[in-house]
Amino acid sequence: MNNKIKFVQGNEACVEGALYAGIDFFAGYPITPSTEIAELLSMELPKRAGKFIQMEDEIASMAAIIGASLTGHKVMTATSGPGFSLKQEALGYACMAEIPCVIVNVQRGGPSTGNPTHVSQGDINQAKWGTHGDHSIIALTASNHQDVFEMTVEAFNFAETYRTPVILLFDEVIGHMREKITIPEQGDLAVVQRLRTSVKKGVDYHPYLPREDGRLPMSDFGSEHRYNVTGLFHDMWGFPSNNPKVVRELLHHLVDKIDNNVDQITRHREYWLDDAEYVLVSYGSSARSAIHLAKNRRKRGNKIGVLELQTIWPFPKELVRRKCAGARAVIVVEMNMGQVLHQVKSAVDNPASVFLANRIDGKLISPTDIKTLLRVIQGKGV
Amino acid sequence: MPKTKYDKEYNVKQYLRERFFPHIWCPGCGHGIVLGSLLRAVEELGLDPTEIVMTSGIGCSARISGYVNFHSLHTIHGRALAFATGVKLSTPKLNLIVPMGDGDALAIGGNHFIHAARRNIDITAIVMNNRIYGMTGGQFSPLTGYGQKATTAPYSTIDNEFDVVKLATAAGASFVARSTTFHATECIDLIKKAISHKGFSVVEIFSQCPTHYGRKNKKGDASNMMELYKKTTVPIGSKKLEQDPSLIERGIFVDNKEAPEYCDEYEKIIQTAMKGRA
Ligand SMILES: Cc1ncc(C[n+]2csc(CCOP(=O)(O)OP(=O)(O)O)c2C)c(N)n1
Ligand code: SF4
Ligand SMILES: [Mg+2]
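Bear in mind the structure is a predicted one, so any value in this text is a computation, not a measurement.

A.B. asks: Is there a simple way to think about the overall build of chain A in this case?
C.D. replies: The helix and strand tally for chain A stands at 14 helices and 16 strands. For chain A, whose C-alpha radius of gyration is 21 Å, the value lies close to the compact-globule estimate of 21 Å for 382 residues. Considering only C-alpha atoms, chain A reaches an extent of 75 × 45 × 45 Å along its principal axes. When the 382 residues of chain A are sorted by exposure, 59% land in the buried category. Expressed as a percentage of contacts within chain A between residues at least 6 apart in sequence, the contacts between residues at least 24 apart total 76%. A total accessible area of about 14,600 Å² is found for chain A, and carbon and sulfur atoms account for 50% of it. When the 42 basic and 42 acidic side-chain charges of chain A are each reduced to a single mean position, those positions are 5 Å apart.

A.B. asks: Looking at this structure, I do not really get the site of ligand 2. What am I missing?
C.D. replies: Residues and elements named next belong to chain B. Residues in contact with ligand 2, as listed here, are Trp25, Cys26, Cys29, His31, Cys60, Asn130, Gly134, Cys209, Pro210, Thr211 and His212. The greatest single-element share of the shell around ligand 2, amounting to three residues, is contributed by helix H9 (residues 210–216). Residue classes in the shell around ligand 2 are distributed as six nonpolar, five polar and no charged.

A.B. asks: Looking at this structure, I do not really get the interface of chain A and chain B. What am I missing?
C.D. replies: In many reports, interface size means the accessible area that the parts give up when they come together. Listed by partner, the interface residues are 42 residues for chain A and 42 residues for chain B. When residues of chain A are sorted by the area they lose upon contact with chain B, Lys51, Glu56 and Arg226 of chain A head the list and together hold 20% of the total. For the interface between chain A and chain B, the tally reads one salt bridge. The shortest N-O distance in the salt bridge between Arg119 of chain B and Glu56 of chain A comes to 2.7 Å. There are 20 residue pairs in polar contact (both at pLDDT 80 or more) connecting chain A and chain B. Broken down by secondary-structure element, the contributors of at least two residues to the side of chain A that touches chain B are strand S3 (51–54), helix H3 (58–70), helix H5 (88–97) and strand S10 (228–230) of chain A. Looking at the side of chain A that touches chain B element by element, the count peaks at eight residues for H3 of chain A. Looking at the side of chain A that touches chain B, its residues break down into 21 nonpolar, 11 polar and 10 charged. Relative to strand S2 (residues 71–74) of chain B, S10 of chain A runs parallel, the two sharing three bridges.

A.B. asks: Help me understand the sheet that holds strand S13 (residues 304–309) of chain A, please; the structure alone is not making it clear to me.
C.D. replies: Sheets are built from strands paired through backbone hydrogen bonds, the pairs being either parallel or antiparallel. Residue and element names in this part refer to chain A. Strand order in this open sheet of five strands is S11-S13-S12-S15-S16, and the pairing throughout is mixed. If you trace the sheet from one side to the other, it starts and ends with strand S11 (268–271) and strand S16 (354–358), each paired once. The sheet shows a mean angle of 20° between the axes of neighbouring strands, taken without regard to direction. As paired strands, strand S15 (residues 329–334) and S16 are joined by five bridges and run parallel to one another. Following the sheet pairing, Val333 is matched in S16 by Ala357.

A.B. asks: It is not clear to me how empty space enclosed by the protein should be interpreted in this structure. Could you clarify?
C.D. replies: A probe as big as a water molecule, rolled over the atoms, marks out the empty space that is left. Residue and element names in this part refer to chain A. One pass over the structure, following the stated rule, counts three cavities of 30 Å³ or more. Each pocket or cavity is described by its volume, and for the largest cavity that value is around 40 Å³. Tallying contributions element by element places helix H9 (residues 244–259) first for the lining of the largest cavity, with three residues.

A.B. asks: Any chance you could explain the pattern of salt bridges here in plain terms?
C.D. replies: Any two side chains of opposite charge can pair, on the condition that their charged atoms come close. This structure, assessed with the given rule, holds 28 salt bridges over all chains. In this structure, the salt-bridge partner of Asp163 of chain B is Arg178 of chain B, at a minimum N-O distance of 3.1 Å. Of this pair, Asp163 of chain B sits in the loop between strand S4 (123–129) and helix H7 (164–171) while Arg178 of chain B is found in strand S5 (residues 175–180), placing the two residues 15 residues apart along the sequence. Exposure remark for Arg178 of chain B: the relative accessible area of 8% places this residue in the buried category. Between Asp189 of chain B and Lys193 of chain B there is a salt bridge, with its nearest N and O atoms 3.1 Å apart. With Asp189 of chain B and Lys193 of chain B both in helix H8 (residues 184–196), this residue pair falls four residues apart, about one helical turn. On the basis of relative accessibility, which here comes to 34%, the residue Asp189 of chain B falls in the partly exposed class. Exposure remark for Lys193 of chain B: the relative accessible area of 37% places this residue in the partly exposed category. A single network of salt bridges, built from pairs that share partners, joins Glu44, Lys47 and Arg48 of chain A.

A.B. asks: For this particular structure, what's the right way to read the site of ligand 1?
C.D. replies: Near ligand 1, the surroundings consist of 18 residues, among which His31, Cys60, Ser61, Asp102 and Asp104 of chain B are the closest. Flanking ligand 1 are residues from chains A and B. Within the contact set of ligand 1, an oxygen atom lies 2.9 Å away from a side-chain nitrogen or oxygen of His31 of chain B. One of the side-chain nitrogen or oxygen atoms of Asp102 of chain B is found 2.6 Å away from an oxygen atom of ligand 1. In isolation ligand 1 has 590 Å² of accessible area, and contact with the protein removes 77% of it. Counting residues per element, the shell around ligand 1 draws most heavily on helix H5 (residues 102–106) of chain B, which supplies three residues. Considered class by class, the residues forming the shell around ligand 1 number six nonpolar, nine polar and three charged.

A.B. asks: Teacher, can you tell me more about the domain arrangement of chain A here?
C.D. replies: All names here are of chain A. One can read the domain layout of chain A as domain 1 (1–265) and domain 2 (270–379). On a C-alpha basis, the centres of domain 1 and domain 2 stand 28 Å from each other. The interface of domain 1 with domain 2 comprises 30 residues on the first partner and 24 residues on the second. Across the domain 1 to domain 2 interface the summed buried area is about 2,100 Å²; carbon plus sulfur atoms make up 55%. Across the contact surface, domain 1 and domain 2 share one salt bridge. As a salt-bridge pair, Glu179 and Arg288 come within 2.5 Å of each other at their nearest N and O atoms. Linking domain 1 with domain 2 are 17 residue pairs in polar contact (both at pLDDT 80 or more). When residues of the side of domain 1 that touches domain 2 are assigned to their parent elements, the largest contribution, four residues, is made by helix H6 (residues 124–129). Considering only residue class, the side of domain 1 that touches domain 2 consists of 15 nonpolar, nine polar and six charged.

A.B. asks: I keep staring at the packing of aromatic side chains and nothing clicks. Help me out?
C.D. replies: One pair of aromatic rings is described through two measures. These are the centre distance and the angle between the planes. Enumeration over the complete set of coordinates arrives at 15 aromatic pairs over all chains. Centre to centre, the rings of Tyr271 of chain A and Trp272 of chain A are 5.7 Å apart; their planes meet at 45°, and the pair counts as tilted. Centroid distance Trp25 of chain B to Tyr67 of chain B: 5.3 Å. Interplanar angle 80°. Geometry classified as edge-to-face. Here the residue Trp25 of chain B occupies a position in the loop between helix H1 (5–8) and helix H2 (31–45), and Tyr67 of chain B occupies one in helix H3 (residues 64–67), the gap between them amounting to 42 residues. Using a relative accessible area of 9% as the deciding quantity, one classes Trp25 of chain B as buried. You can call Tyr67 of chain B buried: its relative accessible area is 3%. A connected cluster of aromatic rings, assembled from ring pairs, spans Phe239 of chain A together with Phe20, Phe21, Trp25 and Tyr67 of chain B. Directly above the ring of Trp129 of chain A sits Lys128 of chain A, whose terminal nitrogen or CZ lies 4.5 Å from the centroid. Just above the ring of Trp237 of chain A sits the side chain of Arg19 of chain B; from NZ or CZ to the centre is 3.6 Å.

Conventions adopted
- Along each chain, residue indices are assigned from 1 in the same order as the chain's sequence is written.
- Chain letters and ligand numbers both follow the written order, the letters beginning at A and the numbers at 1.
- Local features in a predicted model are, by the rule used here, given only for residues with pLDDT of at least 70; side-chain atom pairs are given and counted only at 80 or more, and totals for whole chains, interfaces and linings are based on all residues.
- Excluded from the side-chain calculations are hydrogens and water; all other atoms, namely the structure's heavy atoms, are used.
- In this text, helices come from DSSP runs of H or I with a minimum length of four residues, and strands from runs of E with a minimum of two, each type numbered from the N-terminal end.
- Taken over C-alpha atoms, the radius of gyration is set against a globule rule of 2.2 Å times the number of residues to the power 0.38.
- To sort residues, take the accessible area from a 1.4 Å probe on protein chains only and compare it with the maximum for the residue type: under 20% means buried, over 50% means exposed, and anything in between is partly exposed.
- Two residues form a contact once any of their heavy atoms are found within 4.5 Å.
- Only the protein chains shown count as cover for residues, and all accessible areas are computed by the Shrake-Rupley method using a 1.4 Å probe.
- Positive residues here are Lys and Arg, negative ones are Asp and Glu, while His and the chain termini are left out of the count.
- Here the site of a charge means atom NZ of a Lys, CZ of an Arg, CG of an Asp or CD of a Glu.
- Residues are classed as near a molecule or strand on a simple rule: at least one heavy atom within 4 Å of it.
- In this count, Pro and Cys sit with the nonpolar residues alongside Ala, Val, Leu, Ile, Met, Phe, Trp and Tyr, while Asp, Glu, Lys and Arg are called charged and the others, Gly among them, polar.
- Accessible area that two parts lose when put together, with a 1.4 Å probe and added across both, is what the buried area reports.
- For salt bridges, the criterion is a side-chain nitrogen of Lys or Arg within 4 Å of an Asp or Glu carboxyl oxygen.
- Any pair of N or O atoms that falls within 3.5 Å is considered a polar contact. Within protein, one atom must be able to donate a hydrogen and the other to accept it, and sequence-neighbouring residues count only if both atoms are side-chain atoms.
- In this analysis, strands are considered paired if DSSP registers two or more bridges between them.
- Between N-to-C directions, angles span 0 to 180 degrees; the directions come from axes that are lines fitted to C-alpha atoms, helices contributing only their stretch in contact.
- Here a cavity denotes a set of grid points, spaced 1 Å apart and computed over the protein atoms alone, in which a 1.4 Å probe fits but from which it cannot get out, and a pocket denotes an open set meeting protein on both sides within 12 Å along at least five of seven lines; residues with an atom within 4 Å of a point are reported as lining.
- Grid points are joined across faces, edges and corners, and a volume is the space filled by probe spheres set on the points.
- Boundaries between domains were set according to an automatic or database domain assignment.
- Stacked, tilted and edge-to-face pairs are distinguished by plane angle, under 30 degrees for stacked and over 60 for edge-to-face with tilted covering the rest, among Phe, Tyr and Trp rings (Trp via its six-membered ring) whose centres lie within 6.5 Å.
- Over a ring means this: the NZ of a Lys or the CZ of an Arg is within 6 Å of the ring centre and within 35 degrees of the ring normal.

Right, here's the structure in full:
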């Protein structure tokens, strides 16, 4: 076996995943707890003739990766709370202009400067609704470094497949904790390459005319086809239009291309769900505590299972409904004031059976924190 | 009327997306003249249109990018240079031309402007200075200057203006020039030199907005405003400056061919990094 085994931080696992997926352009601005991603890529990219640039701020970083994606490159930026806020306008531009790109947000406590060196999962809703206007978005996360690696590869794949920005919502614990990963051989994991148009020189290329399967083949800036890219509503040429039909159809296309593929985009893990009376729904570093608790309680005969979400957006409603259908109670374990809780409640058949086990004080939620709530629900007292 | 070089010998239509006309500009707007000079410069240079990426932000000026048959990237307000930086660094063979409004370039985009200049990345920025926010209907910009009228300065502005030439120079731009829409042939020449220059180039072009700046400040119609550009500007170092120091100089202020260009420098990083691994 030539697989490479490494002992790394989550941020480094993310970098390894990006390199595996073929990243060749990164623009960023330092911010805790994501900075290691920029530092590592400044070292690694030039070794592969890739480009790294430290921009003047996060707005510029987001803009630069969009520009580089249009020339046919695989691009990424990485940031945390305040920087993620700054990126929102250009993120919406990438949604509208359908530019593949990956944005890592290693979450820390907020709002504002908040709690820079401590963990939080407070940006779940921002990832979905941070930029203005109706749109859909893909956001992925992971609870261990092997999955960080794989979800990063998936993020690049989804970005190319759906021509969209994809957000990786890691958190401070995942970003900074060290753990073993095994880097697969090239070819072991699927890597989606850019779909480029087969339209020949001299024949009209419509950059915004979806194929029958909904995908839009691209043409690199610098190659034969010259077209317009804009954040205004636009027609199939990419030219600005406020024709109501054009506006309506484009908005539907932007939302449907993601929401109609929720099954293809959903990634999750599950533990002991088959006979679970209590289902813990969690993600990111809090899922580790949920899994730990479930494992221990199982030894005592408690029927507890865990549904770990790796795709947060589009929210896998149907999956959550099915997996929670037989449960007496569902406990959402997260480090915010109930952002995924809200989604789970609207997904399940019996919202009254859904409870929140959370921590919002910068400390990782522990198995004991979850157990305390579980005992109350089970009527065992505190 | 005698045919001048300006309107006779060019075939600028080859670079226009006529499908997308009519354009949005008001009658008399200076932005079309800038476009005219820009296309003539491209034609004179014989550039390959597939190697030109025109990137712009938001504003009347920024709409230029849609009308030209180059690769065109119409982005968000103020950030065009940051998008252009990504295009250029990722694919250095491309020619990046970035037309910008005065608000776009120096208010919301001021940070990107000075940092692009500091990096000396090979991008040509054309600041179409009409001293006003045209697109949003006549609010003052950082180039309006003191004592002017705007919809958000009904009593008159108390904000001072930037001097684009000095700002670009101090920030590290290696080519800096200024002209006006009255001097359209001079603009062709300056834009040609700016595009040919390897490094960050800035060409400031005074461009009239008769609809807002002109009307609010009683400057007359478009031809009056252009007449003013003729009267109030002189070539760099003109004797007339001795009698009237308020005249504004036109021409090339900086043309530094020695300054290292950013993408070239990055190429050296790649060489070093690759050697390090071998
Ligand atoms: C983030 C953001 N803020 C504000 C606006 C509104 N806006 C559009 S164009 C513009 C100013 C345009 O002025 P200028 O850049 O000088 O270009 P001109 O129209 O004069 O050519 C403003 C403020 C916007 N589009 N985006
Ligand atoms: S508002 Fe002013 S800048 Fe805009 S098109 Fe009209 S004249 Fe030109
Ligand atoms: Mg203006």
